[in-house]
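Architecture at a glance
What follows is the residue order along each chain.
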Amino acid sequence: MFRTLLVIAVGFLPSLFSLWVIRKTRLRTRARMRQAAMNFPVVQVRHRPVESDRYYLEGVGYLIGDISCKFNARSGYIRCAVNPDGPCNGCRHYEPRELAGSEKKA
């Protein structure tokens, strides 16, 4: 009976040792990840646009930037595709937007 229990205990020892090593490794990895997260530089959060830069368009919502510009993103978060952070005043990429009803005549 004692031999049987000894064989079973010896059979379980490698798996128990493996589980113990895995647990220790996982704890060390978590500690390293926690330390890396604490040392990671803080990412700057983009600020919301100034109230004077926002426009409300019926059926669309709030837009920022110059809505008459061809490159305006028509979004509440990004001004335009060329200069997302702005400002729109004096932007060298400004092009007036063509209206749907106006057609060029030759």
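Residues numbered from 1 in each chain as written. Predicted model: local features only at pLDDT ≥ 70, side-chain atom pairs only at ≥ 80, totals over all residues. Heavy atoms only, no water.

On to the overall build of the chain, then. Along the chain, the regular secondary structure elements total 1 helix and 2 strands. Seen in sequence order, the chain has helices and strands lined up from the N terminus as α-β-β. Within the span of the chain, comprising 106 residues, buried residues form 11% of the whole. Contacts in the chain between residues far apart in sequence, at least 24 positions, make up 29% of those at least 6 positions apart. (Helix = DSSP H or I, 4+ residues; strand = E, 2+ residues; numbered from the N terminus. Buried < 20%, exposed > 50% of the residue type's maximum accessible area, 1.4 Å probe, protein only. Contact = heavy atoms within 4.5 Å.)

Another point: the environment of Ala 73. Along the chain, Ala 73 falls in the segment after strand S2 (61–64). Looking at Ala 73, the relative accessible area reads 37%, which means it is partly exposed. Note: C-alpha distance between Ala 73 and Pro 84 (11 residues apart in sequence) is 8.4 Å.

Looking at the chain as a whole, the pLDDT averages 81, with 84% of positions reaching at least 70. Highest mean pLDDT in the chain belongs to helix H1 (residues 2–39) (92); lowest belongs to strand S1 (residues 54–57) (79). (pLDDT = per-residue confidence, 0-100.)

A separate point is unusual backbone geometry. In this structure, Arg 74 takes a positive phi of about 50 degrees despite not being glycine. Note on placement: Arg 74 falls in the segment after S2. Note on Arg 74: relative accessible area 35%, which makes it partly exposed.

Glancing now at a positive patch on the surface. On the surface, Arg 23, Arg 26, Arg 30 and Arg 34 cluster together to form a positively charged patch. Following the sequence through the fold, Arg 30 ends up in helix H1. (Patch = residues over 30% accessible without salt bridge, like charges linked within 9 Å, V, L, I, M, F, W, Y side chains within 5 Å. Areas by Shrake-Rupley, 256 points an atom, 1.4 Å probe, with all protein chains shown as cover. Salt bridge = Lys/Arg side-chain N within 4 Å of Asp/Glu carboxyl O. Lys, Arg positive; Asp, Glu negative; His and termini not counted. Charge placed at Lys NZ, Arg CZ, Asp CG, Glu CD.)

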